[in-house]
Amino acid sequence: MIGIISDSHDNINAIQKAVELFNGKNVKAVLHAGDLISPFTARAFKELESKLYFVFGNNDGDKVTLTKRFEEIGATSCGDFGDLTIDGLHIALLHGTNETLVKALAKSGEFDVVVRGHTHEPGVKIIEGVPVINPGEASGVLSEKSTVAILEISNLNIEIMQLELD
């Protein structure tokens, strides 16, 4: 299983709840589709037991320090775009500010899955047989719903899960 999170926007409580959920599900990896925002949020991901990969979002400012702090906890920065293979699953990871690019990646035939964020709207769209997964917003700032996703590698089953924040 792969945990998917996006748009955490400095919400430490939401990040901690997501980390607890991902650890409880024993996910193999966690993909963050951008808008981490501040370097201090790396501390909230420190307890994550699986590998964390992240891309930058349109609200991420100090990318140098973000990368440094996250690499200190063992995370991998993919810059603006991640081209990842996890257990044979070829994944495109991006924030998703450009809808044409998101669709082109899905239609390219290169990727089994496209993971994106940005819209704060959780859901899965199938484009030419390729799931485009948006876990929604972990922060809950726009929708007042804090959500993440779990992807089952073997069958591409995707579950959007709501986090219960304190």
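It should be noted that the structure appears before, not after, this text.
Position numbers for residues count from 1 along each chain, tracking the sequence in the order it is written. The predicted origin of the model limits local features to residues at a pLDDT of at least 70 and limits the giving and counting of side-chain atom pairs to 80 or more, whereas totals for whole chains, interfaces and linings rest on all residues. Only hydrogens and water are set aside; all other atoms, that is, all heavy atoms of the structure, feed into the side-chain values.

**Student:** Where do I start with the overall build of the chain in this structure?
**Tutor:** Only runs of H or I of at least four residues qualify as helices and only runs of E of at least two qualify as strands under DSSP, and these elements are numbered from the N terminus. When helices and strands are counted, the chain shows 4 helices and 11 strands. With the C-alpha coordinates aligned to their principal axes, the bounding extent of the chain is approximately 40 × 30 × 30 Å. The buried share of the chain, reckoned over its 166 residues, is 54%. When checking whether two residues touch, look at their non-hydrogen atoms; a contact exists if any pair is within 4.5 Å. For the chain, long-range pairs separated by at least 24 residues make up 54% of all intrachain contacts whose partners lie at least 6 apart in sequence. Here the accessible surface of atoms and residues is derived via Shrake-Rupley with a 1.4 Å probe, and residues count as covered only by protein chains that are part of the display. Element-wise, carbon and sulfur atoms account for 45% of the exposed surface of the chain, whose accessible area totals about 7600 Å². When charges are tallied, Lys and Arg are placed among the positive residues and Asp and Glu among the negative ones, while His and the ends of the chain are skipped. Charged groups are reduced to one reference atom each: NZ for lysine, CZ for arginine, CG for aspartic acid, CD for glutamic acid. Charged side chains in the chain number 14 positive and 24 negative. The centres of these two groups are separated by 2 Å. Buried means the residue's accessible area, taken with a 1.4 Å probe over protein chains only, is under 20% of the maximum for its type, while exposed means over 50%, and partly exposed covers the values in between.

**Student:** Is there a simple way to explain the sheet that holds strand β6 (residues 89–94) in this structure?
**Tutor:** In any sheet, the strands associate via hydrogen bonds between backbone groups, in a parallel or an antiparallel arrangement. Whether two strands pair depends on DSSP finding at least two bridges between them. The 5 strands lie next to each other as β5-β6-β7-β9-β8, forming an open sheet whose pairing is mixed. Edge strands, defined here as strands with exactly one partner in the open sheet, are β5 (81–86) and β8 (123–127). Sheet twist, expressed as the average angle between the axes of neighbouring strands with direction ignored, equals 20°. The pairing of β6 with strand β7 (residues 113–115) spans 3 bridges and is classified as parallel. Looking at the pairing, Leu 93 lines up with Val 115 of β7. Axis definition: a line fitted to C-alpha atoms, limited for helices to the stretch in contact. Angles are taken between N-to-C directions and run from 0 to 180 degrees. Lying over the sheet, helix α4 (residues 99–107) contacts β5, β6, β7, β8 and β9 (130–134), oriented at roughly 175° with respect to β6.

**Student:** Whenever I open this one, the pattern of salt bridges confuses me. Can you help?
**Tutor:** Two side chains with opposite charge may pair up if their charged atoms get near one another. When a carboxyl oxygen of Asp or Glu lies within 4 Å of a side-chain nitrogen of Lys or Arg, that pair is called a salt bridge. According to the stated counting rule, one finds 4 salt bridges in the structure shown. One salt bridge connects Asp 80 with Lys 63, and the closest N-O pair in it is separated by 4.0 Å. Taken together, the residues Asp 80 in the loop between β4 (76–77) and β5 and Lys 63 in helix α3 (residues 63–72) connect sequence positions 17 residues apart. The class for Asp 80 is exposed, based on a relative accessible area of 54%. Exposure remark for Lys 63: the relative accessible area of 33% places this residue in the partly exposed category.

**Student:** I keep staring at the sheet that holds strand β10 (residues 147–151) and nothing clicks. Help me out?
**Tutor:** Taken in spatial order, the 6 strands of this open sheet run β4-β3-β2-β1-β10-β11, and their pairing is mixed. The sheet terminates laterally at β4 and β11 (158–162), the two strands that pair on one side only. By the bridge criterion, 5 bridges tie β10 to β11 in an arrangement that is antiparallel. Bridging from a neighbouring strand, Thr 147 pairs with Gln 162 of β11. Helix-sheet contacts for helix α1 (residues 12–24) involve β1 (2–5), β2 (29–32), β10 and β11, and the interaxial angle to β10 is about 20°.

**Student:** What should I look at first to understand unusual backbone geometry in this one?
**Tutor:** The phi torsion of most residues other than glycine is negative, and most of the peptide bonds are trans. Despite not being glycine, Asp 35 has its phi angle at roughly 65°, a positive value. Take Asp 35: it is sitting in the loop between β2 and α2 (42–45). Phi angles above zero are rare outside glycine, and Ile 37 is one such case at about 85°. Relative to the assigned elements, Ile 37 resides in the loop between β2 and α2.

Keep in mind these values describe shape, not function.
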